[in-house]
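# Secondary and tertiary structure notes
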Amino acid sequence: MKKKLLFVALAIVSVFAITSCFSTKSLNNNIIKINEIVILRSPKESFYGLNRGLVLYVQPQSPVPDEASWKQCFASTWYYVKSMGFNEMSSYSDYKLYLTLNDNMVNGNMAYFNIDVSLKDERGIELFNQKGVYASRQFDLNNLLKNPTTLSNALNEAYTQALEQINWNRIASFLRTEQLPKEEPQKQVQGYGDTALEQTIIRWDVQSRPQGADIFWRVVSKTPEVKSTNNKYLMTTPYEATKSLDIRGLTYQTAGDVRIILRCEKDGYMSQEKEYNVRMVIDQEEISAFFRLVKEE
């Protein structure tokens, strides 16, 4: 696929702007082609144990004619962010990080970036901002026509320095759910991924002899906040998985009144069920079961 090119106007002593990846004319009709903005160094930080996902948007201050070309020019930013441990997880609960770049990126013999950073939750509420993240790099104007990479190297260095000044540690702090479910006993699961209950990962280990039995699960509730459900198919045994419990309306306080019923079925064998108290499941972070199936007579 042919790459879009960023055409940067060359004006020896004037201020000019890179507003998108398209051609623009200078006073003397000289142009320089830049394929993309390249990040020169790997990030200095890595983050682990993040419970929330992050969606990145790199956007200009003003509208651009070709948004696809603009995104292509700054595509390396996503790989930079991802290498620190920030990833998309769920379209319902991911936070959104906006990097808004100033329109003017070159002034005389200076390449620079001025970035406004904004982190918003899944509802669009701003949680953190860092205004005016600035970095610049000087380049030799006299050498620019002979060596067009002079400008691109300056832009790459300035952009890398600007990214290094963003408070990534602070951003990561919003993507962790440090609380235990028992520390927020009345917080109800609504499906937004914003409770400790939803961030608690449960290990499922369901075995049977013989193997190849169908496993179903259902919720049985004695509290009106949580609805009982019909059987939902999981998989055939052996079944091993790690996932959160998405039981709408559940709180840690009411979890003692909610049960999970596992049902094991296989043709030619009698069906069996095992019952689990949800609060115990949350505390132990595990559902483990072994079904020794008995043949039908």
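These remarks concern the structure in this document.

Cut-offs applied
The written sequence of each chain sets the order in which its residues are numbered from 1. Predicted model: local features are reported for residues with pLDDT of at least 70 only, side-chain atom pairs are reported and counted for 80 or more only, and whole-chain, interface and lining totals are derived from all residues. To obtain the side-chain values, all non-hydrogen atoms of the structure were used and water was disregarded. Two strands make a pair as long as DSSP finds a minimum of two bridges between them. In DSSP terms, a helix is any run of H or I states spanning at least four residues, a strand is any run of E spanning at least two, and both are numbered starting from the N terminus. For every element, the axis is a line fit to its C-alpha atoms; helices are fit only across the contacting stretch, and the angle between N-to-C directions ranges from 0 to 180 degrees. Three labels apply to residues, based on accessible area from a 1.4 Å probe with only protein chains included: buried if under 20% of the type maximum, exposed if over 50%, partly exposed otherwise in between. Take a side-chain nitrogen of Lys or Arg and a carboxyl oxygen of Asp or Glu: if they are within 4 Å of each other, that pair is a salt bridge. Side-chain rings of Phe, Tyr and Trp, where Trp is taken by its six-membered ring, are said to pair if the distance between their centres is within 6.5 Å; with planes under 30 degrees apart they count as stacked, over 60 as edge-to-face, and otherwise as tilted. Ring-over charges, as used throughout, are those where CZ of Arg or NZ of Lys falls within 6 Å of the ring centre and within 35 degrees of the ring normal. Here the arc refers to the directions that run from the helix axis out to each C-beta atom. Contacts are assigned to residue pairs that have any heavy atoms within 4.5 Å of one another.

This brings us to the sheet that holds strand S14 (residues 272-277). Within the open sheet, the four strands sit side by side as S11-S10-S13-S14. Their pairing is antiparallel. Edge positions in the open sheet fall to strand S11 (232-236) and S14, since each of these has one partner strand only. The sheet shows a mean angle of 25° between the axes of neighbouring strands, taken without regard to direction. As defined by bridge partners, strand S13 (residues 258-265) adjoins S14 across six bridges and the pair is classed as antiparallel. From the neighbouring strand, Cys 264 faces S14, where its bridge partner is Gln 272.

In this section: unusual backbone geometry. Cis rather than trans, the peptide bond between Arg 209 and Pro 210 has omega equal to 0°. You can see Pro 210 is positioned in the loop between strand S9 (201-209) and strand S10 (214-221). A cis amide bond, omega 0°, links Thr 237 with the succeeding residue Pro 238. Here Pro 238 shows up in the loop between S11 and strand S12 (239-244). The backbone of Glu 285 shows a phi angle near 55°, a positive value even though the residue is not glycine. Within the secondary structure, Glu 285 is located in the loop between helix H6 (278-284) and strand S15 (286-292). Residue classification places Glu 285 among the partly exposed positions, given a relative accessible area of 41%.

In this section: the pattern of salt bridges. The tally for this structure, following the rule as stated, stands at 10 salt bridges. Notably, a salt bridge pairs Glu 164 with Arg 41, separated by 2.9 Å at the nearest N-O pair. Placement of the pair is Glu 164 in helix H3 (residues 149-164) and Arg 41 in the loop between strand S3 (31-34) and strand S4 (54-60), with a sequence separation of 123 residues. Overall, the relative accessible area of 32% leaves Arg 41 in the partly exposed class.

Tallying each qualifying case throughout the model produces 12 aromatic pairs. For the pair Phe 74 and Phe 113, a centre-to-centre distance of 6.5 Å together with 90° between the ring planes defines the contact as edge-to-face. Taken as a pair, Phe 74 in the loop between helix H1 (67-73) and helix H2 (76-83) and Phe 113 in strand S7 (residues 110-120) lie far apart in primary sequence, 39 residues in all. Of the residues examined, Phe 113 reaches a relative accessible area of 0% and is grouped as buried. Taken together, a centroid distance of 5.7 Å and an interplanar angle of 75° make the contact between Trp 204 and Trp 217 edge-to-face. Of this pair, Trp 204 sits in strand S9 while Trp 217 sits in strand S10, placing them 13 residues apart in sequence. A residue is classified by how much of its surface remains accessible, and Trp 217, at 11% relative accessible area, is buried. Taken together through their ring pairs, the aromatic side chains of Phe 47, Tyr 80, Phe 86 and Trp 168 make up a single cluster. A cation over a ring is seen here: Lys 243 above Trp 204, with NZ or CZ 5.0 Å from the ring centre. Above the plane of the ring of Tyr 252 lies Arg 279, whose end atom (NZ or CZ) is 4.9 Å from the centre.

For H2, every residue scored as buried is listed here: Ser 76, Thr 77, Tyr 80 and Val 81. With its buried residues spanning 140° around the axis, H2 presents them on a single face. On its buried face, H2 sits against S4, strand S5 (95-101), H3 and helix H4 (168-173). Two residues or fewer past H2, Gly 85 is found with a positive phi of approximately 110°.

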